[in-house]
Amino acid sequence: GDETMTGANTQTVTVCLLDTAELCVTVTDANNCVATDCATIYAEDARCFAGNSNVQKVQICHNGNTICVDESAVPAHLAHGDYVGGCQANREAGDGEAGDSFVLYPNPATEQLIIDNGQLKIERIEMYNVVGERIKNLTLNPSPLGEGSASIDVSELTPGIYFVTVTDEAGNKMVRKIVKM
């Protein structure tokens, strides 16, 4: 495929994946101690082509709609809460409607993540890292934004991609991808 890796045999390696893959890394330190670790990386091909142009662009989920933008426009979209990839690939809902009844922002987040749950009665919130490990169960803290909103402290998280799973009182699970900056 079009997967790439640069920086092999250096301290920093950059990997570009177009689909979910098992990635194994072997590290040798100055004392010739060798350690290997593997993880499943959940990736999505976010490339797209727009209009009659053969110029490759990037898929962005913008206000719930998947759009194609020039690569140079991606940082501006991320800054106002959009995220890379198609909208449907980043959301699952138990009944198809409940998944649209809450909003998670800002995305990317730095200090606080706001959940505006609208009419949804949330029973449980869990956060997972990209390898599928549950890193914590979250409890909602009252937010100054008013009823229907809560804030979650994400300041202690390592920058990267996380998945927030919300379970409503009917047992429907909804998953949203967030980026911690």
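In this text, all values refer to a predicted model and were calculated from it rather than measured experimentally. Throughout this description, residue numbers start from 1 for each chain and increase along the sequence as written. This being a predicted model, a pLDDT of at least 70 is required before a residue's local features are given, and a value of 80 or more before pairs of side-chain atoms are given or counted; all residues contribute to the totals for chains, interfaces and linings. Only hydrogens and water are set aside when side-chain values are computed; all heavy atoms of the structure are taken into account.

Counted as salt bridges are all cases of a side-chain nitrogen of Lys or Arg within 4 Å of a carboxyl oxygen of Asp or Glu. Taken as a whole and judged by the stated rule, the model has two salt bridges. The shortest N-O distance in the salt bridge between Asp70 and Lys57 comes to 3.3 Å. Here Lys57 lies in strand E6 (residues 56-62) and Asp70 lies in the loop between strand E7 (65-69) and helix H1 (74-79), a separation of 13 residues in the sequence. Throughout this description, buried means an accessible area under 20% of the type-specific maximum (1.4 Å probe, protein chains only), exposed means over 50%, and partly exposed covers the range between. Asp70 sits in the partly exposed class, given a relative accessible area of 39%. In this text, helices come from DSSP runs of H or I with a minimum length of four residues, and strands from runs of E with a minimum of two, each type numbered from the N-terminal end.

What follows concerns the confidence of the model for the protein. How sure the predictor is of each residue is captured by pLDDT, a score from 0 to 100. Averaged over all residues, the pLDDT of the protein equals 75, while 77% of them reach at least 70. Element-level pLDDT for the protein is lowest in strand E9 (residues 91-92), with a mean of 40, against a maximum mean of 85 in E7. Residues are treated as being in contact if the distance between any of their heavy atoms lies within 4.5 Å. Taken together, the stretch residues 89-100 has pLDDT below 50 and engages in 27 contacts with residues farther than four places along the chain or on a different chain. Within the model, the stretch residues 142-146 combines pLDDT values under 50 with six contacts to residues more than four positions away or in other chains.

Let's shift gears to the environment of Ile60. Structurally, Ile60 can be placed in strand E6. Taking C-alpha positions, Ile60 is 5.2 Å from Gly85, a pair spaced 25 residues apart along the chain. Contact partners of Ile60, with chain neighbours within four places excluded, come to Asn65, Thr66, Ile67, Val69, Val74, His77, Asp82, Tyr83, Val84 and Gly85.

Before going further, it helps to examine the pairing of strand E17 (residues 173-180). Of all eight residues in E17, six are buried, a share of seventy percent or more. Any two strands are treated as partners once DSSP identifies two or more bridges connecting them. Sheet analysis places strand E16 (residues 160-168) next to E17, joined by eight bridges and oriented antiparallel. Along E17, the bridge assignment pairs Tyr162 with Ile178. As consecutive antiparallel partners, E16 and E17 are separated by four residues, and within that stretch Gly171 has a phi angle of approximately 90°, a positive value.

With that settled, consider the nonpolar core. We call a set of buried residues a nonpolar core when its members are Ala, Val, Leu, Ile, Met, Phe, Trp, Tyr or Cys and they connect through side-chain atoms within 4.5 Å of each other. Counting 17 residues, the largest nonpolar core has Leu113, Met127, Val164 and Val166 as its most contacted members. Within the residue set of this core, elements represented by two or more residues are strand E11 (112-116), strand E12 (122-129), E16 and E17. Not counting chain neighbours up to four residues away, the residues in contact with Val166 comprise Phe102, Leu120, Ile122, Arg124, Ile125, Asn172, Lys173 and Met174.

Take the state of the cysteines next. When the sulfur atoms of two cysteines share a covalent bond, that bond is a disulfide. Any two cysteine sulfur atoms lying within 2.5 Å of each other are counted as a disulfide. This model, assessed by the stated rule, comprises one disulfide. Each sulfur in the disulfide pair Cys48 and Cys68 lies 2.1 Å from the other. Remark: Cys68 occurs in strand E7 and Cys48 occurs in strand E5 (residues 47-49); sequence separation between them is 20 residues. Judged by its relative accessible area of 8%, Cys48 is buried. For Cys68, a relative accessible area of 30% puts it in the partly exposed group.

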